Amino acid sequence: MKKYNHSIEKKWQKYWAKKKVYQTKDTCKKKSYVLDMFPYPSGEGLHVGHPKGYIATDVYSRMKRMQGYSVLHPMGWDAFGLPAENYAIKNKVHPRKAVDKNVKRFKEQLSMIGLDYDWSREINTTDPAFYKWTQWIFLQLLKKGLAYQSYEPINWCPSCQTGLANEDLEDGKCERCGSVVEKRPMRQWVLKITDYAERLLNDLELLPHWQEHIKESQRNWIGKSEGAEISFTISETQDEIKVFTTRADTLFGVTYLVLAPEHPLIHQFCASQTCTNRKQVEEYVNEAKKKSEIERTAKGKEKTGIKLEGVWVINPATGEKIPMFVADYALAHYGTGAVMGVPAHDERDFTFARKFALPIKSVVAPRKITHCGVLLEVKNKPGTFIFQLRSDEARVLPGKIGFFGGNLESGETLYECATREILEETELSIKKDDMRETFMVPSESPDYALFVTRIQDVDPANIVVHEGKGLIELTVEEALAHEKVSAGAKDVLRRYFSAQAEPNTGEGVLEDSGEFSQLTSAEARTKIAQKYGTLKTTYKLRDWVFSRQRYWGEPIPVIHCEKCALENPSGQGVVPVPEKDLPVKLPEVKKYEPTGTGESPLAAIEKWVNVKCPKCKGKAKRETNTMPQWAGSSWYHLRYMDPKNKKALVDKKKEKHWSPVDLYVGGAEHATRHLIYARFWHKFLYDIKAVASQEPFTRLISVGLIQAEDGRKMSKRFGNVINPDDIIKTYGADTLRVYEMFMGPFTDAIAWNTNAMIGARRFLERVWRVQERVVKKDNPALDAIINKTIKKVSEDIENFKFNTAISQMMVCVNEMSDKEVGQKQWKSFVSILAPFAPHIAEEMWNIAQGKGSVHLAPWPKYDAKKLVEEFVTIVVQVNGKVRTQITMPSESDEMAVRIEAVKIAEKWIEGKDIRRFIYVPNKLANIVI
RNA sequence: GCCGGAGUGGCGUAAUGGUAGCCGCGCGCGACUCAAAAUCGCGUCUCGCAAGAGGUGAGAGUUCGAGUCUCUCCUCCGGCACCA
């Protein structure tokens, strides 16, 4: 037998391509659509971290194919957008050429890894045959009123020279280049994703197979908040101002009102001279506009603002005249851009009110507290509680519980009161240092705060308790019940009872609130909202800014016609490009650098821009903005089902067959970008009956990053990149694949380690050498391990636990190492290894004279009967401690095991009575004495 | 601050409530060899000569039995955040 040499890999890759082993079949009852997030073909090529997800889907889809599923496992290129364009500009090549070159390089690299993609379904978002349908979807959105033009100030990246959506920001900076973004008013196309906010949120419940953290990210991003909109009236002009609040119950505590600097009413006050300090106000507004979002919302930033002199507003609940301010802590784009100030019950309002000396009016009491009680809990022996007892005995007895309390002295916090009471009542037999922890527990009694204190290292007999009034007996059960539901002690203390330097932001009982006094916050919230306004739900999710002032994107298929605008002003002169004229192709140009003027470079190409209006046939101009990078990826999963279709984005029948994607694998960083956009478009397509499913991706798993050996991110910048080509050349693709799947749990971020990778290579060499011992007849001694391995590997691949699948195969090979292996047993093993190491498996399959390709062979089934070993080792415990083991025939009955166990454990039982005997079949026997 | 996830050898990690550390890396010893590499075998949580005892971030609880379940605390990672 020759030594294992990975040069066989090329041979088999050619064979698979020639025999079309991985070609997708559209017809089969069982289907499995396995999808990778397609890459941007960047100029840097792949590093070893990139293919991890692709290898995983490859392993998965190979198993599914062998299990008789028709498998769709395609690949394509997301090649529009800023990264590709910036790369092209930097390297002074046309983006088209750069993309073609990079795609070629990526494809080469992926092919070397031996991935089972059906390349006949390859797609590219920059292909006019593809983006025709991206444009078509835009037209449908436009038709339904879900695409509109807006002139609001948007995020502008000064370096990329384009407008950006909220999703393109990271900490207020451009996600691509890290520049601080500015706010710029400009015309832009916007998609009304907010119309889908509620469904995007609720339908997360239709996705039980998504990881919780991804769903949680989306929930946070959508940011639903239920509250009320309440109208305030300006006393001078009778204008109405609406505010949004989640705490309508605090309305009686509103002592001022704040407008965001961008609020339209400010202009009105200034123009109409209502406001007497308009110069200063305008100055403040201009200052605010100059600042970036980051500067304005910086952590710990001191609050700023300016009073609108001469303008007063009426609190609808109290009828009081209250002052108005402009302050940048009110955000223009959230709620109504106006905030009611409740300093007594909101942290931000509190600091603002302190700075501007505004009244702080408390209208919610946490609850009325006048007394303080203490439960004394002394830890004596484990599990035993000893408590202070009744007044007439005045000493500590085990198993009972006592209670004492006292009045709060003025200026004292409850915590201080509790401590003082303990010291006083125990006549100082407990010292302050003995008290390990004193914390508050929920109390049934409305006017008592109840505390538990833990006393340790003190002999209970030495505790003397003062005889006093107010001693109440509780049962042990009651006291323990209190402790079980206790909330985080110290926090509660601090928040509720320390000096009143903080606003009370919690809920409670209303006071000083007219007819609503004595109601709880929850009750009052609805009632007050209904009386003075309306219930209202707000979202943090913003509409999707959809235009980019850049060249390399899908042209937005719209024509602007002045004549049509005059005839029908509400249509703004927007004429959609007729569907038959799609695609609107991106013109080939020499100059494609961004202009920075807010105009796309396309605007300068007169030949392309000037067109006949499709409606009135007059002179008109094309829309010159292009779509953002996320457009193509919002629906590409559908195109793979039917990539060549010229009549529709996907054939209905094929869509119904393949939809939805059964397994989707990619980076977690897309949780609030691509994955929200794709869900939005898919739902829209569902609404217009273009697709049959409500959700595009049934199961979503995110890849854990592979970090560089130094633990940092793998990047050219740090010079720590490991290139897969080098690894494959030296060790082979199969080694790379096995190692990446073996590194650890798939979703964990783990550092690359070339040394550890060599272990994967050694494993494959060990497998290779098993061939020397293959014989005709199966070896019964290996039956159990082989069946166990088939079972575990099948289940582990299904659950994406590749590391333990490989571990099990290693155990199996170690077991085979000094034994003869039967032909059938060997073929089963080669079959389950095949998804991980397809080349070596194919070679060994071939040597073992397997039929056809191993990758089309049936997946082995395990024999449940053979899983059971003849003899089992049973652990013998005495009182839960492992003492020894016995070997018994498997499935022995309890009595037999008991007799053996008691005999062997005699030494530890020492003639004591056996109180209980616990037997876990084939595993463990515990003798309780 | 709110929400989610995680803390286990020198390292990556493994354990339906049932022998903690499988598998791999590294390290040590041995076999083969003139020698080295490769390979194979044995060992490798801590204390102890051993019998044994202790040990999964800390503390408590439930249980015959807890890495796993409950509570409190600490640390790290991720999302959101002047969002009213």
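Everything here concerns the structure above.
Conventions used here
- Residues numbered from 1 in each chain as written.
- Chains lettered and ligands numbered in written order.
- Predicted model: local features only at pLDDT ≥ 70, side-chain atom pairs only at ≥ 80, totals over all residues.
- Heavy atoms only, no water.
- Helix = DSSP H or I, 4+ residues; strand = E, 2+ residues; numbered from the N terminus.
- Buried < 20%, exposed > 50% of the residue type's maximum accessible area, 1.4 Å probe, protein only.
- Contact = heavy atoms within 4.5 Å.
- Pairing = 2+ DSSP bridges.
- Core = buried A, V, L, I, M, F, W, Y, C linked by side-chain atoms within 4.5 Å.
- Salt bridge = Lys/Arg side-chain N within 4 Å of Asp/Glu carboxyl O.

Undergrad: Just to check I follow, could you spell out the overall build of chain A for this structure?
TA: Looking only at helices and strands, chain A features 30 helices and 42 strands. Taken across its 929 residues, chain A has 52% of its residues classed as buried. The long-range share in chain A, meaning contacts at least 24 apart out of those at least 6 apart in sequence, stands at 73%.

Undergrad: Just checking my understanding: could you explain the pairing of strand S16 (residues 306-314) for this structure?
TA: Along any regular strand, the residues point their side chains to alternate faces of the sheet. Across two bridges, the pairing between strand S13 (residues 225-234) and S16 is antiparallel. In the strand pairing of S16, Thr-233 is matched with Ile-314. Two strands pair when backbone bridges link them, and S16 and strand S17 (residues 321-326) are joined in this way by five bridges, in the antiparallel orientation. Counterpart to Ile-306 in the pairing with S17 is Val-326. The turn joining S16 and S17, which pair antiparallel and follow one another in sequence, is formed by six residues; a positive phi near 80 degrees is taken by Gly-319.

Undergrad: Help me out: how do you make sense of the nonpolar core in this one?
TA: Soluble globular proteins tend to pack their nonpolar side chains together in the buried interior. By size, the foremost hydrophobic cluster in this structure holds 172 residues, and its most contacted members are Trp-544, Trp-681, Trp-752, Phe-829 and Phe-836. Per-element tally for this core: the top contributor is helix H5 (residues 128-143), with nine residues. The next biggest cluster of nonpolar side chains, apart from the first, holds 50 residues, and it includes Ala-260, Tyr-284, Phe-325 and Phe-516.

Undergrad: Please explain the pattern of salt bridges as it appears in this structure.
TA: Any two side chains of opposite charge can pair if their charged atoms end up close together. The final tally for this structure, using the stated rule, is 44 salt bridges. The salt bridge partner of Lys-866 is Asp-783, with a shortest N-O separation of 3.7 Å. Linking Lys-866 in the loop between helix H28 (838-847) and strand S39 (871-878) with Asp-783 in helix H25 (residues 780-798), this pair joins segments that are 83 residues apart in sequence. Looking at Lys-866, the relative accessible area reads 37%, which means it is partly exposed. Given the relative accessible area of 17%, Asp-783 is considered buried. One connected set of salt bridges, linked through shared partners, spans Asp-203, Arg-679, Lys-683 and Glu-695.

Undergrad: Please clarify how unusual backbone geometry should be interpreted in this entry.
TA: Most of the time, phi is negative for any residue but glycine, and the peptide bond is trans. Of note, the amide linkage connecting Leu-582 to Pro-583 takes the cis form, showing an omega dihedral of -5 degrees. Note on placement: Pro-583 falls in the loop between strand S30 (574-576) and helix H17 (606-609). The step from Ser-659 to Pro-660 runs through a cis peptide bond, and the omega angle for that step is -10 degrees. Not every positive phi belongs to a glycine, and Lys-20 is a case in point at roughly 50 degrees. Position of Lys-20 relative to the elements: it lies in the loop between helix H1 (8-18) and strand S1 (31-36).

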